Structures are given as C-alpha cells and as structure tokens.
Amino acid sequence: MAGGGLTTRPTSGDDHRLTVRIGELAQAHADRAAARAGVPAVRLDRLAAEPLRLDEDFCREVADRYDAAPMVTAGTDRGYTRLAAENLRQFRLIGEAGIRVLPWAGPGQPYRDSRELVARVRSTGLLHVFLTRHGHGPAGADGDHPLRAPVGVRVGGEELLHNDIFRAVHDVFGHVLFGNTFGPRGEFRATRCHLAMYPPDLHPLVFAELVGQLCWFFHGPHLRRPDGTLPRRGEPGYVPPPRRPYPPQKRLVYDRRTLDRFAALFTSPC
C-alpha cells in the first residue's frame, strides 16, 4: 500500500460532499461485512440516531474488567492480525473519500476537541493523527502489543504503527462521519456506529480497544474515592482528563454478554 492511496483533497466548500462520500463508503463496507457474516445489514445513520442511556455502573464494570485483566489474554493473536488487516482496508477507504492523513508534528494534541476535529476534516479533507509513540499507555508497558507493530507505510516522513491506522479510521468513521464527541457519550456512539463496519467476530476485541480503554480512562478504579464514588469536576480528588494517564494497551476480549449489555444502552430499533 503506497501511502494508503491518500492522494486527493477536496477544496474549501466541499465539506458536505465529503461527508456524504464518507457515509457512502462506510455503509457499503458495513453491508459487505454483514453479508460475509450472514447477518442482517444495518443502516449506520440509524445507529447514529439511536438514543443512548449511559449507565455508569456498566462503565465501572467495564473499567474494572479492563483493570484486572492481564496484559496478554491467550488466544488473541489471530484476532489482532485480522483486526490490523481490517483497519488497513478501512484506511484505504479514507483515501477513496479524498482525505489525506498526516502525523501531527505540533505540540500537544492536533485538535482542541471533537468539534474542531469534525469541522477541520470536513472543510479541508486533512486529518492529523496524534502518533501512538507520542502518547499511549505507560512507557514501555505495552510495546509488544500487536497494534504497536509498524505497518510498513511512511506518511509525512513517519512510519505508521497499526495503532496509528486504527486511530485514523476511528476518527473518520467514528467521529467525523456523524459528529460524535470525545466524551463517554460520544465515544459510545462512535463505537456503536464503527462496530458495524467490522466482522461480528471481531466486535469483542474492537470493544476492548475502544470502550474498554475509554471506561478505564473515565471510570477506572484509579480515579475513584475509597468508597468507590467518582469525584466530579470541582470536587476534591477530581483529576481533569488532560492529567489522567492513558490506559495500558492490553490484549483482551470482552464476553458476548457485555456486548449485549452495551447494545441495550441504545434503546431504539436499528
């Protein structure tokens, strides 16, 4: 894959056209994934419109499962190999949509918030990716994770890791497409939509990479008081997100019951 096929860039004013094109490619990819698995196809725009009941008890349980899991769960190697290949297919779709991806070379994060991410990508056709090596998990704790391996593709003078590819496709198909935010609600919605683009047997692993890490970051036991409650903004003990550690990137999958409970948080029919 030479540069991931990311060669064209829409001009100013083409943001609606770009969003439509992303949606068309994402829906076609989701339809193919459903057909291969022999399951009914779903409309991504309907998933994006579903009401969400955010259950903090569920978030804590997911966070505790992530926290207690070993760094490596046996039997996950093949799943991660397939996930890496699937992310590369979705990365090529980004190029087909006319989006360029470049590593972020500036200080801090490339976007102040999700609103800026969505607006800038839609208006410019350029996505900056915050590289994994600049911030992801405790230093040296998870360097042998399959998604930390190099892809063999250099973009903007940087060799991308599989985790960088995953970040890029999730930013586009999880956030830019439907405008989902970076907080727990927006990330739950982003995962709900993005999961439909993956084969169903990869969902437990993708859930761990997205929702498992998210719940640890926002609801993990390291953030709680001794009585188990979570300090709110302005209360003693509250740690603002910029000062929180990234979760260690573990190789684990969640059971089907947890995924069913996640789906049940979205209460309207697909």
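Everything here concerns the structure above.
Keep in mind that what you see is a predicted model, and the values were worked out from it rather than measured.

Reading guide: rules and limits
- Residue numbers here run from 1 along each chain, matching the order of that chain's written sequence.
- Per-residue local features of the predicted model are confined to residues with pLDDT of at least 70, and side-chain atom pairs are confined, for both listing and counting, to 80 or more; whole-chain, interface and lining totals are unaffected and use all residues.
- Each side-chain value is derived from all of the structure's non-hydrogen atoms; neither hydrogens nor water enter the calculation.
- In this description, a nonpolar core means a group of buried Ala, Val, Leu, Ile, Met, Phe, Trp, Tyr and Cys residues linked to one another through side-chain atoms lying within 4.5 Å.
- Using a 1.4 Å probe on the protein chains alone, a residue whose accessible area is under 20% of its type maximum counts as buried, one over 50% counts as exposed, and one in between counts as partly exposed.
- What counts as a helix is a DSSP run of H or I of at least four residues, what counts as a strand is a run of E of at least two, and both are numbered from the N terminus.
- Polar contacts here mean pairs of N or O atoms no more than 3.5 Å apart (in protein, one a potential hydrogen donor and the other a potential acceptor; neighbouring residues in sequence count only if both atoms are side-chain atoms).
- We count a salt bridge whenever a side-chain nitrogen from Lys or Arg sits within 4 Å of a carboxyl oxygen from Asp or Glu.
- Stacked, tilted and edge-to-face are the three classes assigned to paired rings of Phe, Tyr and Trp, where Trp is represented by its six-membered ring and a pair needs centres within 6.5 Å; plane angles under 30 degrees give stacked, over 60 edge-to-face, the rest tilted.

Draft legend 1. Seen up close, the nonpolar core. By size, the foremost hydrophobic cluster in this structure holds 67 residues, and its most contacted members are Ile22, Ile94, Leu127, Phe173 and Phe188. Broken down by element, the residue count for this core peaks at 11 residues, all from helix H8 (residues 203–219).

Draft legend 2. Region of the structure containing the side chain of asparagine 163. Positionally, asparagine 163 belongs in helix H6 (residues 162–176). Residue class for asparagine 163 comes out buried when judged on its relative accessible area of 3%. Of note is the side chain of asparagine 163, whose polar atom sits 3.1 Å from the side chain of threonine 132. Looking at asparagine 163, its side chain comes within polar contact range of the side chain of glutamine 249, at 2.9 Å.

Draft legend 3. Region of interest: the pattern of salt bridges. Under the counting rule described, the total for this entry stands at 16 salt bridges. Measuring nitrogen to oxygen at the nearest pair gives 2.3 Å for the salt bridge that ties aspartate 57 to arginine 60. Of this pair, aspartate 57 and arginine 60 both sit in helix H3 (residues 56–68), three residues apart, roughly one helical turn. Taking relative accessible area as the criterion, aspartate 57 reaches 44% and is therefore assigned partly exposed. Linking arginine 133 and glutamate 158 is a salt bridge whose minimum nitrogen-to-oxygen distance equals 2.8 Å. Remark: glutamate 158 occurs in strand E4 (residues 158–161) and arginine 133 occurs in the loop between strand E2 (126–129) and strand E3 (150–155); sequence separation between them is 25 residues. Residue class for arginine 133 comes out exposed when judged on its relative accessible area of 53%. Note on glutamate 158: relative accessible area 23%, which makes it partly exposed. Each member of the salt-bridge network shares a partner with another, and the members are Glu56, Asp57, Arg60 and Arg232.

Draft legend 4. Examining the packing of aromatic side chains more closely. Scanning the entire structure with this criterion turns up six aromatic pairs. Relative to tyrosine 254, the ring of phenylalanine 207 lies with its centre 5.1 Å away and its plane at 75°, an arrangement referred to as edge-to-face. Remark: tyrosine 254 occurs in the loop between H8 and helix H9 (256–264) and phenylalanine 207 occurs in helix H8; sequence separation between them is 47 residues. Taking relative accessible area as the criterion, phenylalanine 207 reaches 0% and is therefore assigned buried.

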